[in-house]
Amino acid sequence: MAHEVAHHGEHEVSIWPLPVGVGVLLIPLAITAFFAWKAPLAALLAGGVGLALIIVGATGWAYEFFTKGHDEGHGWIAIFFFIISEIIIFGTMFVAFWMARVNHAEVWVNSWIPEGLSLSIPAFLTLVLWASSFTIWRAEVALEQGSRSKATTYILITMALGILFTVMHVSEWVHLWHQGFTLMSNMYGTGFYALTGIHTSHVIVGLILQAYALMFILSGKMNEKKMTMFSATVAYWHFVDIMWLLVASTAYVVGGLHI
Amino acid sequence: MREAIHIEKPWFSASLKEWIFTTDHKKIGIMYGITSLVFFIVGGIMALGMRVELFNPGTQHVSPDTYNYFLTVHGALMLLWWAIGIWGAFANFLIPLMIGARDVAFPRLNALGYWTFFAASVIALITLIPGNQIMHMWTGYPPYSANPNSGLTALFVFIWHLTGAASIMGAINFLTTVVRMRAPGIGFFNMNLFLHGVSSMNLIQLLGIPSIAGAVTMLFLDTYVGTNFFNPAKGGDPILYQNLFWFYSHPAVYVMVLPAFGVISEIVSTFARKPIFGYKSMVVAIWAIALVGFMVWTHHMFVSGIPDWVKILMSYTTVLIGVPTGIKIFNWVGTLYRGAVVYKTPMLYALGAILMFLIGGLTGIPLGLPAFDIAVHDSYFVVGHFHYVLGMAVTLAAFGGFFYWWPKVTGRMYSEALGKLSFWTIIVGSNVLYFPQLIVGLSGMPRRYYDYPVIGEWITLHQIQTVGAFVLAFGILLGIIALIKGTLSGEKAPANPWMSNSLEWRLPSPPPPHNFDEPPKVEKDYCPHGYCKF
Ligand code: HEM
Ligand SMILES: [Cu+2]
């Protein structure tokens, strides 16, 4: 019975979900404050506090998991379900893009395609992301074999590639935007930035997940025995990379060709 | 084995700190239940406000803007907090008990899911503050919703995002739990129909919510950033919103009703003292409804100018969905046939739910035929239809579930007399309220108006509705009183008051903190429904 008392206290409470939940409330409020209430200062405050709560909460959460929790290996199935729902979110943007492309083909081709659009940048970005898919796979193999230092190196390379991708992509946006091709110009602009923007936001989430994983691998808490969380991160990263092929071919090729 | 389980601390004796930071599925289930019920009452009060306004033609007590606000929030609360949210409560409390697990697969994620739902609740409450109302109905169609006169669209968008995020967390968690954590001996074809109900619900949430999330994100960008998703002048398309909206929101009606079917099945087989008739066909029917549910959404858009072939196609699929639905009703009747039926309160609620669902479904089928629907679309007939399925079938099933599992949850029996009285008051009030909606709709009354012309027949029909609404509200109040009174002063509940065979009744009432200290062993031919065998 004494055993049960101890057990009880350990398993049925955790202080971390609540701060994350408060952060989840503050972020939408910050966005509402900025766009609808026109109170940028309040937006900054709510957004800052919200973000801090989410970061602190998520770190404490992961720490608790690695010190007290059991890795029951359910993580991969959860990430599988999550990726399915992500695919459908992307799907909505694809539908919007393709419908406009088909229904307004004539004006689209004649007047919406910006001059500065080149296929070489997305081609290079594809190489970058796919190389990172390879390196993260190597990191997973290394961690499985218990070689933490090798895994660390591969994760760092992956993150560097991910950051390179993001930086190049953002400078590409800035370039096009200055040419007058914006979110507001027409459905091509809207669809282009929405698709690539949502994709890049996923790249950033992937990078944050990798940073978390790196932290716990370096501290030795994540290892070959407790690596479901890392496998989930890897699966997510592969998903983001495969999705890039569809995003790029839609945003640049389907959107940008003069046919 | 039952005696060996030692109750240390039932859930209600926990401290405040244990409640706020809990990751226990039973406490989280109760928190979902209370939140849902509170918002059900808030939404109900708004409905009473609208019924008072409609008592006579002309403006009485409620201004047009306030009316639009009430109607918008009433719709959102009743659908997202009540008809969907309440199943979050049942799913949390019951899934681990029914599969013999100690908790869900991701207890902390489960807690975060609740707090996300809570965050959505805070946003819903913010819309009460003057200047922050939303007035473009729960559907939020552009272009009106992108217009500043329609209220604060941002809050509408975040209500969807947050309730949606909570549901996706729940869906991932519950699906993983049911797939991976069943006790040995409990398989796909001998688990509770309630589990099939919530699992199909969760699969729909997982596949459908991203669609509405995308739609309202586009709405946000169009409204505040100036993108062109729904702007035809720059190549956008407002019908796109309707397609994405209904691609989720039609399946969402099965999110509301499939768990209700599950609850009805549990109750009917227990109180008919028979295993469910045609169990396998029930399972197949549930999953068939979930699947075909994704192929019918344009029956909400018959007047939006979509091509004829789409109308015809989705009219067929809509009627097709009546088949598995009919199978379920047939099987419930088959279960009752020659059963030793006991008419306790939960059974009355379940039988009421079946009958009212029959009316709701039979009004839905003509709505699926464009020839009929084009005449009554956006009329009170549609309002009557979905109140029969939601206001009655789902609500009665939820209350039936409350009474059925109350002894398990609280360890106390409710008062049978008060429970039965609440049922009869609710069923009378609801029918007096909802049946005239069908008639006034057929005679041309459009939905979503705060006023109507001075037509004698319409005035009478509206006044009958308002009376019915107050009877219904009184019935709901009686039901809640019956439950609370049971908790405070009811008799102590035995472990298995209904002599059910299902796993959750093999635990003491209320269940101990760990549910099962050892993974339970079920008999070889375990069947959760029917007369107690153990
Ligand atoms: C066989 C069963 C059903 C059929 C054939 C059916 C058919 C329909 C059709 C065709 C409409 C559109 C009417 C119009 O707007 O002109 C409709 C509306 C609606 N139905 Fe059903 N329905 C069925 C069951 C259900 C169930 C089970 C629910 C909920 C649990 C439900 C909830 C709704 C709601 C909420 C609306 C109105 C949505 C809105 O415009 O705000 N229906 N139904
Ligand atoms: Cu529908």
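Because the structure is a prediction, the values reported are computed rather than measured.

A.B. asks: Now, about the packing of helix 2 (residues 17-35) of chain A against helix 4 (residues 107-126) of chain B: what can you tell me, with residues and values included?
C.D. replies: Two elements in contact, helix 2 of chain A and helix 4 of chain B, have axes whose closest approach is 8 Å; the angle formed by their N-to-C orientations is 35°. In terms of crossing hand, the pair formed by helix 2 of chain A and helix 4 of chain B is right-handed. Touching Pro17, Leu18, Val20, Gly21, Val24, Leu25, Pro28 and Leu29 of chain A of helix 2 of chain A are Arg108, Ala111, Leu112, Trp115, Thr116, Ala119, Val122, Ile123 and Ile126 of chain B, all from helix 4 of chain B. In terms of residue class, the contact of helix 2 of chain A with helix 4 of chain B is made up of 14 nonpolar, two polar and one charged.

A.B. asks: Quick rundown of the interface of chain A and chain B? Include the residues and the values.
C.D. replies: The interface of chain A with chain B comprises 54 residues on the first partner and 58 residues on the second. Between chain A and chain B, roughly 5000 Å² of surface is buried when both sides are summed, and carbon and sulfur atoms account for 73% of that area. The tally of links between chain A and chain B comes to eight residue pairs in polar contact (both at pLDDT 80 or more). Those elements that place two or more of their residues in the side of chain A that touches chain B are helix 1 (2-11), helix 2, helix 3 (40-68), helix 4 (75-103) and helix 8 (187-218) of chain A. With 16 residues, the top contributor of residues to the side of chain A that touches chain B is helix 4 of chain A.

A.B. asks: Residue-level account of the site of ligand 1, with values.
C.D. replies: Residues and elements named next belong to chain B. Near ligand 1 you find 21 residues, and of these Trp138, Asp373, His377, His385 and Arg447 are the closest. Between ligand 1 and the protein, one listed contact pairs an oxygen atom with a side-chain N or O atom of Trp138 at 3.0 Å. The separation between an oxygen atom of ligand 1 and a polar side-chain atom of Asp373 is 2.5 Å. Secondary structure elements with two or more residues in the shell around ligand 1: helix 7 (238-272), helix 10 (345-367) and helix 12 (380-410). If one sorts the elements of the shell around ligand 1 by residue count, helix 12 sits on top with five residues.

A.B. asks: Please give an account of the coordination of the iron atom of ligand 1 that cites residues and values.
C.D. replies: A metal bound by six donors in octahedral fashion has ideal angles of 90 or 180 degrees, whereas one bound by four tetrahedral donors has an ideal angle of 109.5 degrees. Of all protein atoms, His385 of chain B (NE2) alone acts as a donor to the iron atom of ligand 1, lying 2.1 Å away. Counting through the fold element by element, His385 of chain B comes out in helix 12.

A.B. asks: Which residues make up the domain arrangement of chain A, and what values go with them?
C.D. replies: All names here are of chain A. What the domain assignment lists for chain A is domain 1 (15-69) and domain 2 (90-259). Taking the mean C-alpha position of each, domain 1 and domain 2 sit 25 Å from one another. Contacts between domain 1 and domain 2 engage nine residues on the former and seven residues on the latter. Considering only the side of domain 1, the residues that lose the most area to domain 2 are Thr59, Tyr63 and Phe66, jointly responsible for 65% of the buried surface there. Between domain 1 and domain 2 we count zero salt bridges in total. Here the residues of the side of domain 1 that touches domain 2 sort into six nonpolar, three polar and no charged.

Each value, and the rule that gives it
Residues numbered from 1 in each chain as written. Chains lettered and ligands numbered in written order. Predicted model: local features only at pLDDT ≥ 70, side-chain atom pairs only at ≥ 80, totals over all residues. Heavy atoms only, no water. Axes fitted to C-alpha atoms, helices over the stretch in contact; angles between N-to-C directions. Helix = DSSP H or I, 4+ residues; strand = E, 2+ residues; numbered from the N terminus. Left-handed = near helix turned anticlockwise from the far one by under 90°. Contact = heavy atoms within 4.5 Å. Nonpolar A, V, L, I, M, F, W, Y, C, P; charged D, E, K, R; others polar. Buried area = accessible area lost by both parts, 1.4 Å probe. Polar contact = N/O pair within 3.5 Å; in protein donor to acceptor, adjacent residues only side chain to side chain. Near = heavy atom within 4 Å. Donors = N, O, S within 2.8 Å, 3.2 Å for Na, K, Ca; no water. Domains from an automatic or database assignment. Salt bridge = Lys/Arg side-chain N within 4 Å of Asp/Glu carboxyl O.

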